[in-house]
Amino acid sequence: MGILEGFVSGLFQAFSFDVFPYLLVGSLFGLIVGVIPGLSGHFAMAMAIPFLYTMEPNAGVAFILGAHATVAQGGGITAILFSTPGTGQNAATMLDGPPMRRQGLGGQAVGAALLACFMGATFGAVALAILLPVLQEASLLFGPPEIVILSFLALTFVAVLGKEDMARSLVAALLGLMLAMVGLDNVTNQARFTFDSFALIDGLPLVPVILGLFAVSEMFDLFIRGGSLSDSSDGKAMSMRETQRQIFSGMKITLQKWWLVMRCSSIGTLMGLVPGLGSAPAAFVAYGHAKQTSKDKASFGKGNIEGVIGAEAANDAVEGGALASTIAFGIPGSSSMAILLGGLFILGMETGPRMMISHLDIVFVMIFTIVIGNLIGTIFGMFLVNPLTRATFLRSSILVPVLICIVFTGAYVVHNAWFEMVIALVFGILGYVMKELSYSRAAMLIGLVLGYAIEKNLYLALQLDGPRFYLDPIPLTLVVITLVFLGWNIWTFIRDRKKEA
Amino acid sequence: MKNTLFRTATALAVMIPTLFMAGQSQAEDLSAAEAFYDGNTINWIVPYSPGGGYDEYSRLIIPYFEKYTGARVRLQNNPGAGGMRGANDIYRAPKDGLTVGIVNGSALVTNQLADIEGAIYEFENYGFLGRMVADQRVLAISTTGEFDTIEEMLEAGSTFKIGATGLGGSTYVDALVAGELFNLDQDIIHGFDSSSVIRQAMLRRDIVGMWGSYGSAIQDVEDGMQKIVLQSGQERTDAIPDAPTVLELAERMQVGDEKMAVLRAWQGLNDVGRPVVTPPGIPADRLAFLQRAFEQAMNDPEMIEEAQSSGRDLTFANGERMAQIATDAAVMPESAEAFFVEAVAGGI
């Protein structure tokens, strides 16, 4: 089957009566899962698996991937309106989304996020389609040496995120790196910082940590402060018409900033190609990039719409990249992709090279699912905004207990583990303290996620390629980029300081 | 180790009454148990994430297990600590017969031998419904690499790299066993996140090959990306006629008695495979009823056909036989036990 043939067949299938209803249901299911804090794409797909047994392959693929595609969109809505990341990858949206809501611009932020998601996802899907002829080569680009250096590069973005208070940001990032060491050391088999607890042997689970840092801490804050989530207006809920107007104005701004969307989407797609990094760092790096290149750097973190657009575009563009190695070799780049592979298996599909040869139409069904799923998510997401916005005007004494219940349930269900609720609580307290003392929680999260990737892959890179592994062409290029980027940041930091003095 | 005799004695002490009770209750009427399960809900614990082999096997059998128990079966993924968390969860679940689960038998046995921290179970004390499949372990190498056969690897001029996941995990222990038997000039690179990442490393030619289950290698073999050069088991399976078994090679190379003992112990561990277990001490009639239902489910023609069409091997053993295999696996000569304890702890 040629690529053009596969493209046309995939397009017709995606819109056919056999497939589209499943795609629609899957996407709506994903959107709702995304809105609920703690439930991720991983969870949506796991829930969808049992339904696959009776489905045709094309319908099943559209159903399960649709459920995964819209999760980040739903999560963005929750992040902006409730200061609670709906999924881990929406943590970066927390930096500028909630401040916009406080200024009474919640609708605008959601509108921008929804459209940025759709554009990012489309970018990632198109990139995947273009890469198809060289997909195998592309998905083998990133091995341990490349991942180490790329993680370092991502880590330098802490410098951009925390420019205003470099000392505190570095403290937070280093704390994150230290927390990444909790658990069983893969090299020596020694348990580190587990306090002899069996539950910590796998390290700190990411979802409860993110929920604690960004959601539970906000609930504490809201409860102590009192009032409601939208404290800017005089306690009156925003009218429906005003919300609609804001959504469309947010979308308009996103369209005007199409170049930013493109750049952040390419960051997302590239980082999606890297196995094991996940989409949370991609969103933060894109956010850092948006801030770095913005004319108005000072307003980032205080409600700049570019921060929302950058983060949301990247975290949906990741999907295209993550699918690459899954399709090319049947090698899942993330836990969600591992479930997708399990799903394909149940559907009786062959994955890997044979899929590229004999089932190219299904590959295109996947690509169209990402695009159409996100379009469905954007349209239905708009309908969700209004009722959810009204909830943000509820008194904190009503809202906080409800949200706390949902958040802690979210922490529990990921691994069916009570202990992860404790982690969410502990990190909620830590997050609240950090917020009060203005230490960057984002910097800490980046340190945590990347510390894990750096340590593991550094060891592997050293074992595989020896102590000079960074001298190979791709790692060397990345090293140069990292050094230039870091040097430039240090230079501007010193320059700005002199200016102030 | 001195406690081998003691362990055998304990095992027998547990086994005999269990068998006796099972035998007795089999003769008894199971209608009470049948009534108990009818419409009740059974929790089926999978100690790994959705999408893996254990998850797929579980989802394959569950509809048939529901059919023959009359109960609703709820699958629950409890991943963590390399499957030990789920195994512990099953072990300490209420003894009402409403919790079952599929476990990684050989890993549980070796972890117990090595006294790994956190293992709360005594493997032979689980109630055994039976086994879905025995482990068929294979050494797969890249088709684009420098080697074609195991013989070439034996005569390799320089050290080659084998990928493995965690220190002490099964991909690691298998590689150590082969290294011990055949004095392979290998460097085991452990610390890969999952077998998927090892496969990527193999395609990137970072490493030469990896040990793993036949089920997870088969697709890459059919795609021409990997080649199986060595397999576990008593004799070559029909599906892999060209690769010698470890046993064959060991006999040909006359590795000596001590090494043969390690090999036999390893084969015993592979036989444990993927058993379905209950917590210890559930009522005998309920265990007998579940064993019967599991056997019926495993022999359901429709289920066998479904397994075949999805390329899943089945090597059923009933509950009684499985209990025997489990007991046998834990008993090994002193030197072999020392080897596995050392291997699992990552000391070699």
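Residues numbered from 1 in each chain as written. Chains lettered and ligands numbered in written order. Predicted model: local features only at pLDDT ≥ 70, side-chain atom pairs only at ≥ 80, totals over all residues.

Quick look at the overall build of chain A now. The number of helices and strands found in chain A is 23 helices and 2 strands. The C-alpha radius of gyration computed for chain A amounts to 22 Å, which stays within 12% of the reference 23 Å derived for 501 residues, consistent with globular compactness. Structurally, chain A occupies a C-alpha span of about 65 × 60 × 50 Å along its principal axes. Across the 501 residues of chain A, 60% fall into the buried class. Taking as baseline every contact in chain A between residues at least 6 positions apart, the subset at least 24 positions apart corresponds to 80%. (Helix = DSSP H or I, 4+ residues; strand = E, 2+ residues; numbered from the N terminus. Rg over C-alpha atoms; globule rule 2.2 N^0.38 Å. Buried ≥ 20, exposed ≤ 12 C-beta atoms within 10 Å, placed from the backbone. Contact = placed C-beta atoms within 7 Å.)

This paragraph deals with the sheet that holds strand S8 (residues 209-213) of chain B. Residues and elements named next belong to chain B. Spatially, the 5 strands line up as an open sheet ordered S7-S6-S8-S5-S9, and their pairing is mixed. The sheet terminates laterally at strand S7 (186-189) and strand S9 (226-231), the two strands that pair on one side only. The average undirected angle you get between the axes of adjacent strands in this sheet is 35 degrees. The pairing of strand S5 (residues 137-142) with S9 spans 5 bridges and is antiparallel. (Pairing = 2+ DSSP bridges. Axes fitted to C-alpha atoms, helices over the stretch in contact; angles between N-to-C directions.)

For the rest of this paragraph, the subject is unusual backbone geometry. In the Ramachandran plot, A:Phe193 falls in the positive-phi region, its phi being about 50 degrees despite a non-glycine side chain. Secondary-structure assignment places A:Phe193 in the loop between strand S2 (191-192) and helix H12 (206-225).

The next subject is the environment of B:Thr143. Residues and elements named next belong to chain B. As for its position among the elements, Thr-143 is in the loop between S5 and helix H6 (150-154). Judged by C-beta crowding, with 15 C-beta atoms within 10 Å, Thr-143 ranks as partly exposed. Sequence-wise, Thr-143 and Met-202 are 59 residues apart; in three dimensions their C-alpha atoms are separated by 9.5 Å. Excluding anything up to four places from it in sequence, Thr-143 contacts Gly-224, Met-225, Gln-226 and Lys-227.

Let us look at the pairing of S8(B). Residue and element names in this part refer to chain B. Burial analysis of S8 places 5 of its 5 residues in the buried class, which makes it a mostly covered element. Pairing of S5 with S8, which is carried by 5 bridges, proceeds in the antiparallel orientation. From the neighbouring strand, Ile-141 faces S8, where its bridge partner is Gly-209. The pairing of strand S6 (residues 160-163) with S8 spans 2 bridges and is parallel. Counterpart to Gly-163 in the pairing with S8 is Met-210.

On to the nonpolar core. A general feature of soluble globular proteins is that nonpolar side chains tend to end up buried together. Counting residues in each nonpolar core, the largest one holds 281 residues, and the members touching the most others are A:Ala62, A:Ala286, A:Ala314, A:Ile367, A:Leu445 and A:Ile446. Among all residues touching A:Ile367, those that are not within four sequence positions of it are A:Gly10, A:Ala125, A:Leu128 and A:Ala129. (Core = buried A, V, L, I, M, F, W, Y, C linked by C-beta atoms within 7 Å.)

Facing 34 residues of chain A, the contacting portion of chain B comprises 33 residues. Counting only elements with at least two residues in the side of chain A that touches chain B, the list comes to helix H16 (305-329), helix H17 (335-346), helix H18 (353-358) and helix H22 (441-465) of chain A. Broken down by element, the residue count for the side of chain A that touches chain B peaks at 6 residues, all from H17(A). Split into classes, the residues belonging to the side of chain A that touches chain B amount to 18 nonpolar, 13 polar and 3 charged. (Nonpolar A, V, L, I, M, F, W, Y, C, P; charged D, E, K, R; others polar.)

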